[in-house]
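Now for the letters of each chain:
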Amino acid sequence: QGRGHEKIDYVFKVVVIGDSAVGKTQILSRFAKNEFCFDSKSTIGVEFQTRTVTINSKVIKAQIWDTAGQERYRAVTSAYYRGALGAMLVYDITKRQTFDHVARWVEELRAHADNTIVITLIGNKADLVDLRVVPTEDAVEFAEDQGLFFFETSALRGDNVEAAFFNLLEEIYNVVS
Ligand code: GDP
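Here is what the cut-offs are and how they apply
- Residues numbered from 1 in each chain as written.
- Predicted model: local features only at pLDDT ≥ 70, side-chain atom pairs only at ≥ 80, totals over all residues.
- Heavy atoms only, no water.
- Helix = DSSP H or I, 4+ residues; strand = E, 2+ residues; numbered from the N terminus.
- Buried < 20%, exposed > 50% of the residue type's maximum accessible area, 1.4 Å probe, protein only.
- Contact = heavy atoms within 4.5 Å.
- Areas by Shrake-Rupley, 256 points an atom, 1.4 Å probe, with all protein chains shown as cover.
- Pairing = 2+ DSSP bridges.
- Axes fitted to C-alpha atoms, helices over the stretch in contact; angles between N-to-C directions.
- Core = buried A, V, L, I, M, F, W, Y, C linked by side-chain atoms within 4.5 Å.
- Salt bridge = Lys/Arg side-chain N within 4 Å of Asp/Glu carboxyl O.
- Right-handed = clockwise from strand over helix to strand, strands pointing away.

Engineer: Would you mind showing me how to read the overall build of the protein here?
Structural biologist: What the protein contains, in helices and strands, is six helices and six strands. The linear arrangement of helices and strands in the protein, starting from the amino end, is β-α-β-β-α-β-α-α-β-α-β-α. Counting across all 177 residues of the protein, residues that qualify as buried make up 47%. Sequence separation of at least 24 residues holds for 75% of the intrachain contacts in the protein that already meet a minimum separation of 6. Element-wise, carbon and sulfur atoms account for 48% of the exposed surface of the protein, whose accessible area totals about 8900 Å².

Engineer: Is there a simple way to explain the sheet that holds strand β5 (residues 118-124) in this structure?
Structural biologist: What links the strands of a sheet is backbone hydrogen bonding, and the strands pair in either a parallel or an antiparallel sense. Spatially, the six strands line up as an open sheet ordered β2-β3-β1-β4-β5-β6, and their pairing is mixed. Both outer strands of the open sheet, β2 (47-55) and β6 (149-152), are each paired with one neighbouring strand and no more. Going across the sheet, the axis of each strand differs from the next one's by a mean of 25 degrees, ignoring polarity. Pairing geometry for strand β1 (residues 10-17) and strand β3 (residues 58-66), over seven bridges, is parallel. Residue pairing for β3: Val 15 is matched across the bridge by Trp 65. Helix-sheet contacts for helix α5 (residues 136-146) involve β4 (86-92), β5 and β6, and the interaxial angle to β6 is about 160 degrees. The strands touched by helix α6 (residues 161-176) are β1, β2, β3, β4, β5 and β6; relative to β1, the strand with the most contacts, the crossing angle is about 125 degrees.

Engineer: Just to check I follow, could you spell out unusual backbone geometry for this structure?
Structural biologist: The phi angle of most residues is negative, glycine excepted, and most peptide bonds adopt the trans form. Even without being a glycine, Asn 56 presents a positive backbone phi close to 50 degrees. Among the structural elements, Asn 56 can be located in the loop between β2 and β3. One non-glycine residue with positive phi stands out, namely Ser 57, at about 65 degrees. Position of Ser 57 relative to the elements: it lies in the loop between β2 and β3.

Engineer: Would you mind showing me how to read the nonpolar core here?
Structural biologist: Considering soluble globular proteins, one finds that nonpolar side chains tend to be buried as a cluster. One finds Ile 64, Met 88 and Leu 169 to be the most contacted residues of the largest nonpolar core, which totals 26 residues. Breaking this core down by element, the ones donating at least two residues are β1, α1 (24-33), β2, β3, β4, β5 and α6. Element by element, the count of residues in this core is highest for α6, at seven residues. When neighbours within four sequence positions are excluded, Leu 169 is seen to be in contact with Phe 12, Val 14, Phe 31, Val 53, Ile 55 and Ala 62. Of all hydrophobic cores here, the second largest spans 25 residues; its members include Ala 84, Ile 119, Leu 121 and Ala 139.

Engineer: How should the pattern of salt bridges be read in this particular structure?
Structural biologist: For side chains of opposite charge, pairing can occur when their charged atoms come near one another. In total, this model carries seven salt bridges according to the counting rule given. Between Arg 96 and Asp 138 there is a salt bridge, and its shortest N-O distance comes to 3.2 Å. Residue Arg 96 is located in helix α3 (residues 96-100), and its partner Asp 138 is located in helix α5; the two are separated by 42 residues in the primary sequence. On the basis of relative accessibility, which here comes to 29%, the residue Asp 138 falls in the partly exposed class. The closest approach of N and O atoms between Arg 132 and Glu 152, which form a salt bridge, is 2.8 Å. Of this pair, Arg 132 sits in the loop between β5 and α5 while Glu 152 sits in strand β6, and the two are 20 residues apart along the sequence. A network of salt bridges, in which partner residues are shared, links Arg 96, Asp 100 and Asp 138.

Engineer: Could you clarify how one ought to interpret the pairing of β5 in this entry?
Structural biologist: For a regular strand, the rule is simple: side chains alternate between the two faces of the sheet. The element β5 is extensively covered by neighbouring structure, given that seven of its seven residues are classed as buried. Neither face of β5 is open: one carries Val 118, Thr 120, Ile 122 and Asn 124, the other Ile 119, Leu 121 and Gly 123, and all of them are buried. The pairing of β4 with β5 spans seven bridges and is classified as parallel. Each residue of the ladder has a partner; that of Asp 92, found in β5, is Asn 124. Pairing analysis gives four bridges linking β5 to β6, with the strands arranged parallel. Along β6, the bridge assignment pairs Ile 122 with Phe 151. For the crossover from β5 across α5 to β6, the handedness is right-handed.

All quantities given are derived from atomic positions and should not be read as evidence of function.
This is the structure in structure tokens:
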């Protein structure tokens, strides 16, 4: 399907990962529906949402998967990563531990996902400026070191969410085309 009779050129599977409560679900609903839901949560079980966009005159359906709470139980399985062309790896700029765990999530991706997967590191909750504990430079350095793209976002305000997804989808397009 798609919008009306529009032809889909590509379907790109993207997974969203990272510690609990960093804002994965909100980032996804911001991108897929342009919504922020103040009382979300969340059935257990993998779910995805889609949004169809045009990049380089190609109609691309992004199928974006949410762990839907499974990361709490370390139950993100290889089925979740299967076929994924991109990953949004999210931490919370106000919680140091969520950034410290990013290396572990990268290892998890390298172990379970395709080795051509495009990874974007996301520092979310950038609206909470007074509560920031993870300096931007630390994340920039880590991202450069690991070959990841990097954005700071606010799912609450919508800042940079669109830019981060479009960048990821463009980079995936460059890999597959
Ligand atoms: P998940 O467990 O990673 O899917 O995280 P959620 O999307 O459920 O978000 C966890 C909590 O952080 C919720 O209370 C959200 O309302 C809040 N949250 C998510 N994104 C943002 C953001 O960009 N800014 C702020 N201030 N709060 C956010």
